[in-house]
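# A structural walkthrough
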Amino acid sequence: MLQAGADVGLAFDGDADRCFVVDERGQIVSPSVLTALIAVRELAQEPGATVIHNLITSRAVPEIITEHGGRPVRTRVGHSFIKARMAETGAIFGGEHSGHFYFRDFWFADSGMLAALHVLAALGGQDRPLSELLAEFSRYHASGEINSEVGDQAGVTAAVRAAFADRPGVSTDELDGLTVSGSDWWFNLRPSNTEPLLRLNAEAGDEATLAEVRDEVLGIVRGEAG
């Protein structure tokens, strides 16, 4: 629990390669928001640099990277894919929605401590509370990861793909599972590597659209699974 009157809370996993942040209201900060914040700070030091983000980070992340003169590169989920793409592209920074943050000048490795220092430096460099500082990096509503137990992962994914296949203005890709994108929403449905689960992450410009997309996909996933 965040102590009353604290400006920020920081939490790390056992080896401190992941960082999670709580704002002054006691609200958990999305790692996508932290990715965008750190990317902006890194780009201020090296304009035009490449920044890596995985495909379940918020759509705001590549938007903000581009707005600040950087080159966003989208990758699969997982540290091995992030590290490989960083080395391949010479990216200055990479962020995952899981709370891993990677730095070129830290041997392309992830460091929760360096991420935390970025947050503290950004907070200390201005007078607003953390929630106000980060508001500009949060643009969309997200579902969080929703898991469904599914025996036939490929078959269920195919059913979802077919349901969205012919809709105007909708695109799909299969970089990692199935990603379906509309003008103001997207979702990714991908199988767990270790369990009989399909993982859904969805995002939209407003709560109503998010609920509509999320519920439609889950209806197919859980209906087919049943």
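Shown above is the structure to which this text applies.
Report follows, based on the coordinates. This is a predicted model, so every value here is computed, not measured. (Residues numbered from 1 in each chain as written. Predicted model: local features only at pLDDT ≥ 70, side-chain atom pairs only at ≥ 80, totals over all residues. Heavy atoms only, no water.)

## Considerations on the overall build of the protein
Within the protein one finds 7 helices and 13 strands. Projecting the C-alpha coordinates of the protein onto the three principal axes gives extents of approximately 50 × 45 × 35 Å. Each of the 226 residues in the protein was classed as buried or not, and the buried ones make up 45%. Counting every atom, the protein has about 10,800 Å² of accessible surface; 50% of that belongs to carbon and sulfur. Across the protein, the centroid of the 18 positively charged side chains sits 3 Å from that of the 33 negatively charged ones. (Helix = DSSP H or I, 4+ residues; strand = E, 2+ residues; numbered from the N terminus. Buried < 20%, exposed > 50% of the residue type's maximum accessible area, 1.4 Å probe, protein only. Areas by Shrake-Rupley, 256 points an atom, 1.4 Å probe, with all protein chains shown as cover. Lys, Arg positive; Asp, Glu negative; His and termini not counted. Charge placed at Lys NZ, Arg CZ, Asp CG, Glu CD.)

## Focus: the packing of helix α1 (residues 31–45) against helix α2 (residues 60–67)
The geometry of α1 relative to α2 is characterised by a closest axis approach of 9 Å and an angle of 15° between their N-to-C directions. Here α2 runs roughly parallel to α1, going by the angle between their axes. The interaxial crossing formed by α1 with α2 has right-handed handedness. Packed against α1, whose contacting residues are S32, T35, A36, A39, V40 and L43, the element α2 presents V61, I64 and I65 at the interface. In terms of residue class, the contact of α1 with α2 is built from 7 nonpolar, 2 polar and no charged. (Axes fitted to C-alpha atoms, helices over the stretch in contact; angles between N-to-C directions. Parallel < 35°, antiparallel > 145°, perpendicular 65-115°, else oblique. Left-handed = near helix turned anticlockwise from the far one by under 90°. Contact = heavy atoms within 4.5 Å. Nonpolar A, V, L, I, M, F, W, Y, C, P; charged D, E, K, R; others polar.)

## Some words on the pairing of strand β13 (residues 197–204)
Of all 8 residues in β13, 8 are buried; the element is thus mostly enclosed. Neither face of β13 is left uncovered, since the one carrying L197, R199, N201 and E203 and the one carrying L198, L200, A202 and A204 both have all their residues buried. Pairing analysis gives 4 bridges linking strand β9 (residues 146–149) to β13, with the strands arranged antiparallel. Residue pairing across strands places E149 opposite L197, the latter belonging to β13. Here 7 bridges tie strand β12 (residues 185–191) to β13, and the two strands are oriented antiparallel to one another. Looking across to β13, one finds that W185 is bridged to A204. The hairpin formed by β12 and β13 contains 5 residues between the paired strands. (Pairing = 2+ DSSP bridges.)

## Section: the packing of α1 against helix α4 (residues 112–124)
Geometrically, a packed helix pair is captured by the angle between its two axes and the distance between the axes. The interhelical angle for the contact between α1 and α4, taken along N-to-C directions, is 75°, at an axis separation of 10 Å. Classified by the interaxial angle, the pair formed by α1 and α4 is roughly perpendicular. Between α1, through L34, L37, I38, R41 and E42, and α4, the contact on the second element is made entirely by A115, H118, V119, A121 and A122. Its residues assigned to classes, the contact of α1 with α4 shows 7 nonpolar, 1 polar and 2 charged.

## Quick look at the packing of aromatic side chains
A full pass over the atoms with the stated rule returns 6 aromatic pairs. Connected via pairs of aromatic rings, a cluster forms that spans F93, F101 and F103. Just above the ring of F164 sits the side chain of R167; from NZ or CZ to the centre is 4.1 Å. (Phe/Tyr/Trp six-rings, centres within 6.5 Å; stacked < 30°, edge-to-face > 60°. Lys NZ or Arg CZ within 6 Å of the ring centre and 35° of its normal.)

All we've got here are geometric facts, nothing functional implied.
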